[in-house]
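# Coordinates in review
Below, each chain spelled out in residue letters.
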Amino acid sequence: EKHKACSMSDDSIADTLVFQDPPTNVKAVSPAVMAAVTPVLESVALGQDDPAIIFDWHQPALLSLAAAPAPGGLAPAPWMIQPLTPHNIQSSIIAFAGVPAGGTHGHVCFAPNTLVQFNNVMMRVGYIQDHEWMQAMAASAQIGVGAANGPLATLHFATDRNSTPYAADLVAPPAGTQIFA
């Protein structure tokens, strides 16, 4: 069975799931992340109804966000661990986004997930991306899709352990920077 791409549409990052065949957005997961997630993907149930979510973090963006000056007048997001370090940024995002996940595996993977869990995780990712403080920090750090330091992470989905995970087709926020690719 071929894996099928999942694209998001409308104003919500996880409002509608549309499965397409063949995938239109296949991008390679970094070798280090694949090495970390392969044992996980081999040990959990995967399928179109049980997708895994993989975070492929971008070091330049993590370092830039950690070093960026705080936006004046805005308190840090309540779920963001202080002080900002690349590790704390990853830990904060994984901890907050992963609350509804079926399982959390380090900083790189949520699996297994039912479609409801998948949808709830993706809504939390959208909330993180749209958060006023994150948007201000993204501007300060010059991170995001098309920005100097690139996106914070590329998200990939896996629905079949025998196929290459494919990049999420994320919708940009209505206003501001698309922090995740």
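Criteria and thresholds
By convention here, each chain's residues receive numbers from 1 onward along its written sequence. It should be noted that, the model being predicted, local features are given only for residues of pLDDT at least 70 and side-chain atom pairs only at 80 or more, the latter also being counted only at that level, while totals for whole chains, interfaces and linings use all residues. The side-chain values count all of the structure's non-hydrogen atoms but skip hydrogen atoms and water molecules. Values of pLDDT, ranging from 0 to 100, describe the predictor's confidence in every residue of the model. Helix and strand assignments come from DSSP, with helices taken as H or I runs of at least 4 residues and strands as E runs of at least 2, each series counted from the N terminus. Contact criterion: two residues are considered in contact whenever any of their non-hydrogen atoms come within 4.5 Å of each other. Between 30 and 60 degrees the pair is tilted, below 30 it is stacked and above 60 it is edge-to-face, where a pair is any two Phe, Tyr or Trp rings, Trp via its six-membered ring, whose centres lie within 6.5 Å. The rule is simple: take the accessible area with a 1.4 Å probe, protein chains only, and divide by the maximum for that residue type; under 20% is buried, over 50% is exposed, in between is partly exposed. Comment: the charge-over-ring label is applied if NZ (Lys) or CZ (Arg) is within 6 Å of the ring centre and within 35 degrees of the ring normal. By the criterion applied in these results, polar contacts are pairs of N or O atoms within 3.5 Å in which, for protein atoms, one can donate a hydrogen and the other can accept it, and in which residues neighboring in sequence qualify only through two side-chain atoms. Strands were regarded as paired on the criterion that DSSP finds at least two bridges between them. Lines are fitted to the C-alpha atoms to define the axes, a helix being fitted only along its stretch in contact, and any angle between axes, read from their N-to-C directions, falls within 0 to 180 degrees.

Turning our attention to the confidence of the model for the chain. Residues of the chain with pLDDT of at least 70 account for 85%, and the chain-wide mean is 84. Across the chain, element-level confidence peaks in helix α3 (residues 86-97) with a mean pLDDT of 98 and bottoms out in strand β1 (residues 5-9) with 34. Here residues 1-26 scores under 50 on pLDDT; set against residues more than four positions off or in separate chains, the count is 69 contacts.

The subject of this paragraph is the packing of aromatic side chains. Scanning all chains against the criterion turns up 7 aromatic pairs. With 5.6 Å between their ring centres and 85° between their planes, F55 and F110 make a pair best called edge-to-face. Of this pair, F55 sits in strand β3 (residues 52-57) while F110 is found in strand β5 (residues 109-110), placing the two residues 55 residues apart along the sequence. Summarising the burial analysis for this pair, F55 and F110 share the class buried. In this structure an aromatic cluster arises from ring pairing among F55, W57, F110 and F180. Between the NZ or CZ atom of R124 and the centre of the ring of F96, over which it lies, the distance is 4.5 Å.

Another aspect to go through is the side chain of Q135. Mapped onto the secondary structure, Q135 falls in helix α5 (residues 132-141). Of the residues examined, Q135 reaches a relative accessible area of 12% and is grouped as buried. Polar contacts involving the side chain of Q135 include one to the main-chain carbonyl oxygen of Q129, which spans 2.6 Å. Once you skip the residues sitting within four places of it in the chain, Q135 turns out to touch Q129, D130, P173, A175, G176, T177 and I179.

In this model, Q82 is joined to P83 through a cis peptide bond whose omega is -5°. At the junction of A111 and P112, the peptide bond is cis and its omega measures out at -10° in the coordinates. Of note, the phi angle at Q142 is positive, near 55°, even though the residue is not glycine. If you trace the backbone, Q142 turns up in the loop between α5 and β6 (153-158).

The strands that make up a sheet pair up through hydrogen bonds in the backbone, lying either parallel or antiparallel. With respect to topology, 5 strands assemble into an open sheet ordered β4-β5-β3-β6-β7, the strand pairing being antiparallel. For this open sheet the edge positions go to β4 (104-105) and β7 (166-167), each flanked by a neighbour on one side alone. Sitting on the sheet, helix α1 (residues 31-43) is in contact with β3, β4, β5 and β6, with an inclination near 165° to β3. Packing against the sheet, α3 makes contact with β3, β4 and β5, and its axis sits at approximately 165° to β3.

Relative to the assigned elements, A97 resides in helix α3. Between the C-alpha atoms of A97 and V121, which are 24 residues apart in sequence, the distance is 5.4 Å. Setting aside residues no more than four positions away along its own chain, A97 makes contact with F110, V121, R124, V125 and I128.

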